[in-house]
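Remarks on the overall topology
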Amino acid sequence: MGLKVPTTMDIVLLFIGKSAWYDTWSKTFPNVAKYPEMVQWLKTDDDRKPDLEIWGSVQNVYNFSHLAAWLENGGTLVETKSKKGKGKEKEKVSHKGGSSKAGRK
């Protein structure tokens, strides 16, 4: 009697669980397929490009949050000035009309 080949869901359940898979991983990894150079990097292909060319910066370790940020920034970990400005603008807008922590007693 041979061993049963595990299904994709068997592997998901073994490592991360259904809720983590459906909340984050399943939404992120299909988008990686749009970037063939990142796919090569993730597969650790011998002919892959260096970290700096793929990620836009060099880290000691890359994790899932790096990948999610990389996708949100259009294929780089380096945020553009316009995105940084938008984030600060949103932050300022969200504080209008509310009381600040310094003013609370």
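Treat the numbers as computed from the prediction; the structure is a model and nothing was measured.

Turning our attention to the overall build of the chain. Within the chain one finds 6 helices and 0 strands. Buried residues in the chain amount to 17% of all 105 residues. For the chain, restricting intrachain contacts to residue pairs at least 6 apart in sequence, the fraction spanning at least 24 positions comes to 24%. Surface accessibility of the chain: about 8700 Å² in total, with carbon and sulfur atoms responsible for 57%.

All right, on to the side chain of Ser 57 then. By the element assignment, Ser 57 lies in the loop between α4 (51-55) and α5 (64-72). Contacts of Ser 57, omitting those with residues within four sequence positions, involve Asp 51, Leu 52, Tyr 62 and Leu 77.

Further remarks concern the pattern of salt bridges. Proximity of charged atoms lets side chains of opposite charge pair with each other. If you walk through the whole model with that rule in mind, you get 2 salt bridges. Measuring nitrogen to oxygen at the nearest pair gives 4.0 Å for the salt bridge that ties Lys 4 to Asp 10. When its relative accessible area of 33% is taken as the criterion, Asp 10 is described as partly exposed. A salt bridge links Lys 49 to Glu 37, with the shortest nitrogen-to-oxygen separation between them at 2.7 Å. With Lys 49 in the loop between α3 (36-42) and α4 and Glu 37 in helix α3, this pair connects stretches of sequence that are 12 residues apart. For Glu 37, a relative accessible area of 39% puts it in the partly exposed group.

Our next topic: a nonpolar patch on the surface. Taken together, the side chains of Ile 11, Leu 14 and Phe 15 define a hydrophobic patch exposed on the protein surface, amounting to about 360 Å² of accessible area. Taking relative accessible area as the criterion, Phe 15 reaches 64% and is therefore assigned exposed.

For the rest of this paragraph, the subject is the nonpolar core. If you look at the biggest cluster of nonpolar residues, it comprises 10 residues: Val 32, Met 38, Trp 41, Ile 54, Trp 55, Tyr 62, Leu 67, Trp 70, Leu 71 and Leu 77. Among the elements of the structure, α3, α4 and α5 are those that each provide at least two residues to this core. Among the elements that line this core, the one with the most residues is α5, at 3 residues. Apart from residues no more than four positions distant in its own chain, Leu 77 is found in contact with Trp 55, Ser 57, Gln 59, Tyr 62, His 66, Ala 69 and Trp 70.

On average, residues of the chain score 77 in pLDDT, and 74% of them reach the 70 mark or higher. When pLDDT is averaged over each element of the chain, α4 comes out on top at 94 and helix α6 (residues 81-95) at the bottom at 45. Long-range and interchain partners of residues 88-105, a stretch whose pLDDT sits below 50, account for 1 contact in this model, where long-range means more than four residues apart.

One can find Thr 76 in the loop between α5 and α6. Within the local environment of Thr 76, its side chain forms a polar contact with the backbone oxygen of Trp 55, the two atoms lying 3.4 Å apart. At 3.1 Å, the side chain of Thr 76 and the backbone nitrogen of Val 78 are in polar contact.

Scoring rules and cut-offs
- Residues numbered from 1 in each chain as written.
- Predicted model: local features only at pLDDT ≥ 70, side-chain atom pairs only at ≥ 80, totals over all residues.
- Heavy atoms only, no water.
- Helix = DSSP H or I, 4+ residues; strand = E, 2+ residues; numbered from the N terminus.
- Buried < 20%, exposed > 50% of the residue type's maximum accessible area, 1.4 Å probe, protein only.
- Contact = heavy atoms within 4.5 Å.
- Areas by Shrake-Rupley, 256 points an atom, 1.4 Å probe, with all protein chains shown as cover.
- Salt bridge = Lys/Arg side-chain N within 4 Å of Asp/Glu carboxyl O.
- Patch = residues over 30% accessible without salt bridge, like charges linked within 9 Å, V, L, I, M, F, W, Y side chains within 5 Å.
- Core = buried A, V, L, I, M, F, W, Y, C linked by side-chain atoms within 4.5 Å.
- pLDDT = per-residue confidence, 0-100.
- Polar contact = N/O pair within 3.5 Å; in protein donor to acceptor, adjacent residues only side chain to side chain.

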